[in-house]
Amino acid sequence: MQRTILRDLLVLLGVFGLIWLVFSLFSYPEDPQLISIHKEEKLGEVYVDLILLNPVFGEFDNSRVDSAVRVIADRLEEGLEDSEYNYHFVVFDSEMINAFTVPGGNILISTGLLAFCDTPEELAAVIAHEMGHVEERHVVSRLIKELGIEILTSGDQYVIGEVSELLTSTSFDRKQEEEADLFAAKLLETASIEPRSLATLFRKLGRRWTMN
Amino acid sequence: MDYHPLPQPDQIETRVKEDAMGAYFMMFATAAMGLPLPILNLVAAIIYYYVNRDKGRFVQFHTLQSLYSQIPVTLLNSGLVVWTIVNFARDLDFFGFYWGYLVMVATANLVYFIFSIVGAVKARKGVFYYFLFFGKLAYHQVYRIRPERDQSTFSNRPPRQ
Ligand SMILES: [Zn+2]
C-alpha cells in the first residue's frame with residue numbers, strides 16, 4: 001500500500017510539475033496587461049531616443065510649434081479621465097505626413113503632418129487618435145504579438161533596434177484603428193473639440209496618404 | 001499490513017453519510033475564507049477533523065481525504081498570493097514561470113473542486129471514493145489496523161543511570 005501511495009504522489013507531482021513547466025515555456029500570453037505601465041514607460045524612453053537617432057527622424061527644435069502641440073494635448077489630457085500615462089510629445093522634422101505612438105505614452109508627430117493640418121482641431125484629432133492607441137494599449141499588444149513578451153522585455157540591443165524599426169514601419173490592424181477612432185471621437189467630444197474634425201482630416205488624408 | 005473491513009452503503013447510517021458529505025463542503029468554506037491567510041483555514045479544517053473523529057471511520061476517511069487534498073491546494077494558493085504581491089512590489093514580469101504557476105494553480109483548484117463535489121455526492125450515498133494519492137493516504141491512515149499496545153507486559157522502571 002505504501003508503495004502505491006508513493007507512486008500516486010509521484011504521478012501527481014509529475015502532472016502538476018509538467019503543467020507548470022509547459023505553460024512557463026511554451027505559452028506566452030499576448031495580453032498587454034502583463035507589461036505594467038511603468039515598465040512600458042521605461043521601454044518607451046529607450047525607443048524614443050533610438051528613433052530620434054535615425055537621421056530620417058531628426059528632432060525638430062522649434063519651441064513655438066512644440067508649445068502649440070502642447071496646448072492642444074493639454075486640452076485633450078484634461079478630457080482623459082484618470083489616464084495612467086504621462087504623455088510626451090515629440091515633433092520631428094520630416095516631410096512625410098506621419099504620426100506614431102511609441103510605448104509609454106510617447107507620441108511622435110512629423111512637421112509634415114503639422115503643415116498638413118489646416119486647423120488646430122485637425123491636429124487635435126490626430127493626437128486624440130494616437131492617444132486612443134496608447135490608452136487601448138495597442139502599441140504593447142502589437143509588439144508582444146510580433147516579438148513575444150519575453151524577447152520584448154529582454155533589453156537586448158539588437159531587439160531594441162528591431163522594435164524601433166517595427167514602431168516606425170508596421171501599422172495597427174483594422175480593429176485597433178477603429179478602436180482608436182472611436183476613442184478619439186469620444187475624447188474630442190469630452191474636450192469640446194468639434195469631433196467632425198476627425199472625419200474631415202481622414203477624408204483629406206485618404207486623398208493624400210495613409211496614416212498609422 | 002492489515003486493514004479494517006469496509007462497510008457497505010446500506011450498513012452506514014444516513015446521519016453518518018451526511019457528516020461525511022459535510023466534510024467536503026466544510027473544506028470549501030474554510031478554503032474560501034482563508035485564502036489570504038491559509039493558516040487559518042488549515043486550523044479550521046483540522047478542528048473539523050478532530051470534532052468528527054468520533055463519528056466512525058467512514059466520516060474520518062472522507063474528512064481526512066478532504067483535509068489532505070486541501071493542504072497542497074492551500075499552499076499553492078498562498079504561494080500565488082505571495083508571488084503576485086512580490087511581483088507587484090518589485091514591478092517584475094507576470095509571465096514565464098509565474099504564468100506557468102498561475103495556470104498550474106488554477107488547474108489544481110479546478111481539479112480539487114470537481115473531485116470534492118464528486119466526493120461529497122459519493123459520501124452522501126455511503127460510497128468510498130478515492131482521490132489519486134490522497135484517497136489511498138486517507139484509507140491507509142484510517143483503516144489500517146494498528147498493533148495494540150499490550151498494557152499487561154508494560155512495567156515501570158527507574159531512569160537509566
Ligand atoms: Zn491609428
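Nothing here was measured: the structure is a model prediction, and the numbers come from that model. (Residues numbered from 1 in each chain as written. Chains lettered and ligands numbered in written order. Predicted model: local features only at pLDDT ≥ 70, side-chain atom pairs only at ≥ 80, totals over all residues. Heavy atoms only, no water.)

Considering the overall build of chain A
Within chain A, the regular secondary structure consists of ten helices and four strands. Along chain A, helices and strands appear, N-terminal first, in the series α-α-β-α-β-β-β-α-α-α-α-α-α-α. Out of the 212 residues belonging to chain A, those deemed buried represent 49%. Within chain A, contacts between residues separated by at least 24 positions form 70% of all contacts whose residues are at least 6 apart in sequence. For chain A, the computed accessible surface area is about 11,200 Å², with 54% contributed by carbon and sulfur atoms. (Helix = DSSP H or I, 4+ residues; strand = E, 2+ residues; numbered from the N terminus. Buried < 20%, exposed > 50% of the residue type's maximum accessible area, 1.4 Å probe, protein only. Contact = heavy atoms within 4.5 Å. Areas by Shrake-Rupley, 256 points an atom, 1.4 Å probe, with all protein chains shown as cover.)

A look at the coordination of the zinc ion
All of the protein donors around the zinc ion are A:His129 (NE2), A:His133 (NE2) and A:Glu177 (OE); their distances to the metal are 2.0 to 2.1 Å. Judged by its relative accessible area of 16%, A:Glu177 falls in the buried class. (Donors = N, O, S within 2.8 Å, 3.2 Å for Na, K, Ca; no water.)

Some words on the interface of chain B and chain A
At the interface, 24 residues of chain B touch 26 residues of chain A. Connecting chain B to chain A are one salt bridge. Residue A:Asp8 is joined to B:Lys136 by a salt bridge in which the shortest nitrogen-to-oxygen separation is 3.0 Å. Put simply, chain B and chain A have three residue pairs in polar contact (both at pLDDT 80 or more) between them. Of all elements in the fold, only α4 (97–124) and α5 (134–143) of chain B reach the threshold of two or more residues within the side of chain B that touches chain A. A per-element tally of the side of chain B that touches chain A places α4(B) first, with nine residues. Split by residue class, the side of chain B that touches chain A holds 17 nonpolar, four polar and three charged. (Salt bridge = Lys/Arg side-chain N within 4 Å of Asp/Glu carboxyl O. Polar contact = N/O pair within 3.5 Å; in protein donor to acceptor, adjacent residues only side chain to side chain. Nonpolar A, V, L, I, M, F, W, Y, C, P; charged D, E, K, R; others polar.)

Quick look at the pattern of salt bridges
Residue and element names in this part refer to chain A. Counted under the stated rule, the structure contains ten salt bridges over all chains. Across the pair Asp-74 and Arg-70 runs a salt bridge, and its minimum N-O distance is 2.8 Å. Here Asp-74 and its partner Arg-70 are both found in helix α3 (residues 63–79), four residues apart, which amounts to about one turn of the helix. The class for Asp-74 is partly exposed, based on a relative accessible area of 36%.

Quick look at helix α2 (residues 37–53) of chain A
The terminal C-alpha atoms of α2(A), which comprises 17 residues, lie 24 Å apart, in line with the 24 Å expected from a rise of 1.5 Å per residue. Three or more residues of α2(A) are buried, namely A:Ile37, A:Lys39, A:Glu40, A:Glu41, A:Leu43, A:Gly44, A:Tyr47, A:Val48, A:Ile51 and A:Leu52. (Expected span 1.5 Å × (residues − 1).)

Overview of the packing of helix α3 (residues 57–90) of chain B against α5(B)
Residues and elements named next belong to chain B. Look at α3 against α5: their axes get within 8 Å of each other, and the N-to-C directions meet at 140 degrees. Regarding the angle of α3 to α5, the classification is oblique. Crossing geometry of α3 relative to α5 is assigned as right-handed. Counting all contacts with α3, which are made through Arg-57, Phe-58, Gln-60, Phe-61, Leu-64, Gln-65, Tyr-68, Ser-69 and Pro-72, the residues of α5 involved are Phe-134, Gly-135, Leu-137, Ala-138, Tyr-139, Gln-141, Val-142 and Tyr-143. (Axes fitted to C-alpha atoms, helices over the stretch in contact; angles between N-to-C directions. Parallel < 35°, antiparallel > 145°, perpendicular 65-115°, else oblique. Left-handed = near helix turned anticlockwise from the far one by under 90°.)

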